[in-house]
Amino acid sequence: MSSHDNETPGATHAHIAPISTLMGTFIALLVLTVVTVVVRSIDLGSMNIMIAMMIATIKAGLVAAYFMHLAYDGGFIRVAFFASIIFMGLFLGFALLDTSEYQDTIQWHETLKAKVPTEGSAADHGK
Amino acid sequence: MSNNHHNENDHGGHPSFLAHHFSSPQQQYDAGKLGIWLFLVTEVLFFSGLFCAYAVYRFNHPEIFRYAHFFLDTTMGAINTVVLILSSLTIAWAVRAVQLNQRRLAVGMLVVTLLCAAAFMVIKYIEYTHKFHMGLTWGESFAPSAEALREVLGEAHGEVLEKPANLHLFFSIYFCMTGLHGIHVLAGIGVIIWMIVRTARGDFSSEYFGPVEYTALYWHIVDLVWIFLFPLLYLID
Amino acid sequence: MSTTNYLTCSKGWKSWFLTLDHKRIGVMYLTAVLSSFALGGLFALAVRLELFQPGQQFMDPTTYNRMFTLHGAVMVFLFIIPSIPAAFGNFVLPIMLGAQDVAFPRLNLASFYLWMAGAVFFLVSLLGGGIETGWTFYTPYSTTTADSSVVSALMGVFVLGFSSIFTGMNFIVTIHQMRPKGMTWFKMPLFLWAIYGTALIQVLATPVLGITGLLLIVERVAHIGVFDPALGGDPVLFQHFFWFYSHPAVYIMILPAMGIVSELIAAGSRKEIFGYRFIAFSSIAIAILGFLVWGHHMFTSGQSVAASVVFSALTFTVAIPSAIKVFNWLSTMYKGAIVLNTPMCYGLSFISLFGIGGLTGLFLGTLSVDIHLHDTYFIVAHFHYVMMGSTAVAFMGGLHYWWPKMFGKMYNEALARVCCLFVFIGFNLTFLPQFVLGTRGMPRRYFDYPERFQFLHQLSTIGAVMLFITFFVMFSYLLHSLVRGKPAPMNPWGANTNEWKCSSPPPFNNFDVPPPMENPYDHTNLVFDEKLGGYRAKQVINS
Ligand SMILES: [Cu+2]
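Now for a quick tour of the structure.

About the criteria used
- Residues numbered from 1 in each chain as written.
- Chains lettered and ligands numbered in written order.
- Predicted model: local features only at pLDDT ≥ 70, side-chain atom pairs only at ≥ 80, totals over all residues.
- Heavy atoms only, no water.
- Helix = DSSP H or I, 4+ residues; strand = E, 2+ residues; numbered from the N terminus.
- Rg over C-alpha atoms; globule rule 2.2 N^0.38 Å.
- Buried < 20%, exposed > 50% of the residue type's maximum accessible area, 1.4 Å probe, protein only.
- Contact = heavy atoms within 4.5 Å.
- Areas by Shrake-Rupley, 256 points an atom, 1.4 Å probe, with all protein chains shown as cover.
- Lys, Arg positive; Asp, Glu negative; His and termini not counted.
- Charge placed at Lys NZ, Arg CZ, Asp CG, Glu CD.
- Pairing = 2+ DSSP bridges.
- Donors = N, O, S within 2.8 Å, 3.2 Å for Na, K, Ca; no water.
- Buried area = accessible area lost by both parts, 1.4 Å probe.
- Salt bridge = Lys/Arg side-chain N within 4 Å of Asp/Glu carboxyl O.
- Nonpolar A, V, L, I, M, F, W, Y, C, P; charged D, E, K, R; others polar.
- Axes fitted to C-alpha atoms, helices over the stretch in contact; angles between N-to-C directions.
- Left-handed = near helix turned anticlockwise from the far one by under 90°.

Another aspect to go through is the overall build of chain C. A count of helices and strands for chain C gives 16 helices and 4 strands. The C-alpha radius of gyration of chain C comes to 23 Å, within 12% of the 24 Å expected for a compact globule of 543 residues. Along the first, second and third principal axes, the C-alpha atoms of chain C reach 80 × 45 × 45 Å. Residues counted as buried form 65% of the 543 residues belonging to chain C. Across chain C, the fraction of contacts at a sequence separation of at least 24, relative to all contacts at a separation of at least 6, is 80%. On chain C, roughly 18400 Å² of surface is accessible, and the fraction owed to carbon and sulfur atoms is 70%. Here chain C contributes 29 positively and 22 negatively charged side chains, and the mean placements of these two sets differ by 12 Å.

Further remarks concern the pairing of strand β3 (residues 526–529) of chain C. All names here are of chain C. Both β3 and strand β4 (residues 534–537) contribute to a ladder of 4 bridges, which runs antiparallel. Across the sheet, L526 pairs through a bridge with A537, a residue of β4. Linking β3 to β4, which pair antiparallel, is a turn of 4 residues; within it G533 sits at a positive phi near 75 degrees.

Below, the discussion takes up the coordination of the copper ion. Of the protein atoms, only C:H247 (ND1), C:H296 (NE2) and C:H297 (NE2) coordinate the copper ion, at distances of 1.7 to 2.0 Å. The sequence motif formed by the donor residues of the copper ion is H-x48-H-H.

We now examine the interface of chain A and chain B. At the interface, 55 residues of chain A touch 60 residues of chain B. Carbon and sulfur atoms supply 74% of the area that chain A and chain B bury against each other, a total of about 5200 Å² over both sides. Among the ionic pairs, A:D73 bridges to B:K33, the shortest N-O distance being 2.7 Å. For the side of chain A that touches chain B, the elements supplying multiple residues, two or more each, are α1 (2–7), α2 (19–40), α3 (47–67), α4 (76–99) and α5 (103–115) of chain A. It is α4(A) that provides the largest number of residues to the side of chain A that touches chain B, a total of 12 residues. Considering only residue class, the side of chain A that touches chain B consists of 33 nonpolar, 17 polar and 5 charged.

All names here are of chain C. Close contact between helix α3 (residues 61–97) and helix α13 (residues 377–407) brings their axes to 11 Å; oriented N to C, the two are set at 35 degrees. When you trace α3 past α13, the crossing you get is left-handed. Where α3 abuts α13, its residues Y64, H71, F79, I80, S83, I84, F88, F91, V92 and M96 lie against Y377, H384, M387, T391, A392, F395, G398, L399, W402, K405 and M406. Looking at the contact of α3 with α13 residue by residue, the class counts come to 15 nonpolar, 5 polar and 1 charged.

Written as structure tokens, this is what we have:
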């Protein structure tokens, strides 16, 4: 502990973001927001959502890298942040992989409900 | 009670902001920073549940989302996006100002951030009341008024869409996502006010600015979530 | 050396309830989780007594449903999950590192009060009529069918989740940032590696429990329909949500237990731990693999075959790091000078019970076998072997191991060893018959059963009563030791980790002299001293 005290008492070393970086990130985010709104009106079918998500990811990356200093703070912080994204992907991935498989059953429940509207759990729901 | 066993004189150079169980300001700063980042990790996973629900329903019932998005006002969403991006810039600038001992600039930047956050909530309030007014609420209580449906069909450029079953699921997800996000904005407003008070009081300096930076990191994650919510909810085609 | 210790340095209720000292917070957690254990145990006893004979004994079916639900929910959320990390982790983690406290003492106290708030929510739910959904809160029981105080129980789960998250965050930051010079990653005791792995799961998995609970509350109160098929929702999605947390939660329960056992086995074998790095990395491997297997709870819930096959295969991989640990413990004991003190007895008990619990998990992970065994007493027996036979036994081991350090008093060793034996016998008597019941087709959570199952059910109930009496005796002699116990020596078990290098109980700031950072499992320098009743360094005698 004394090693720190000997250098500059109480000094904390951290990255200070230059104004140019902050403003540059801000302008890039605004441009990307305009792009994502404009692209929406061009019909690209299922590509639309992919593009919208890609732009959102780039925006998120800019915020994380420059506003949140992730570009300068290395090590475990970066690992932790990427871990959160990986585990989120894992969660979404497995759930998506699975739910489409049993939609038939849910559909079947729906038709059943339509056929016998007065019976079944749907009718007395919430009472 | 002091942790200084090595040298009695150390205590003289022990800054007032340094908690007793840390050995240096750097250690305290790094610990706080790692702590807040781990908290952000939990926030990402907290929201991931809602994103998961969104993904599952959008994947299985794209028709609900295509129909329902006409009920949302893209302009409002876009304005809110810009407002949050601006607030992210100003709070990042506030951190820089504190690090450079520019106290007045820091307070100013924090106040602008606070105003942006308030503006965001006001716009959200307008959107919510409009939806409640039209009966566009969640799940069981979903009962869109004739006026609301007319408005939608008008916006769909005369294109007559068949109303899909379980339309309410979109609004359940919409209210869960924006509601939870809104709660985070409100929490952020509280913390930012606290930071304005402390900065104005002169608690922070180039040697001690951790709390401002941690607040900024939290605020950025709130912005980050919105960056995804905007295209997912307002820009569906 | 200090004349006061952390227990005597300040007085009055405020000095406890507003303390920021990790040791006092640990002791408060210990009291709290032990009370929950007693409460959950009473519910279990009620369930077992009701099942002594077929038909209704002294409670109606709905009360029975509430009893087993409360037993499960209290044991899981109030006892097992916080037990080892929050009570022992808090107490020994900073001392093992040689640090003065955890990184965020205030957050630590806050997480204790969140635990208290969660417990209050559970009590409200209990007084409000209890819950009958099972601890898993499956939809549509929890959203529509159950006619009880589900919301307050879910609030409890939500709040307890955050208590757990904050503990985990605190421990990760402490291990990363608060290690003194010389305390490298590979000089950390294996308990800390286990706590670290646990904390990773707490931080990465528990938020999903939070959002699940929140969505369920909203679903029940406002009927949003996300999990409700009557409103076009997807009830299986709830199970994905729930098990994304709750399978990793099994490792929140078992990993710290494995960490304790590594300490007990090393100290009791008087030998350096075998395969330190393997045990350390297997903790991290278990933490990560634990996230990839949640679908094995959904083999019969309508999950797709593709997902089931993947989850089944991944489930088997978890066996690898678990087996690595067991093999290394056995190798540690091989040619060791084993001392059968109470902690070591619990360590041995753990290894055999965990062996059974772990291996029967493989049966359940096999798709075809699981079709037959799912939702029977086989699964009940399996997870009790893991949660109670392993985690609770390791918890008792840790309690006996660190008791002298925490309170500075020795308990009655002979009685403690007898109790350990009776816990082992009583436990097996309770749950071995349940494996047989399960394979013969007795479904779990049933209020009634055919007469042919009666003998096995009675064995199980007798075992449960035996466990209850044993735990009663255990708490009696532990409490007795606080008043009449012999003063504990600094190092009663001859372990070389840092908590044994400060006085018992430790001084307020843990160390008056910073401890040397050496190999935590090098016991060669320690000799038993009859006069002290404990171990001391060799040099002291020579000089
Ligand atoms: Cu599992």
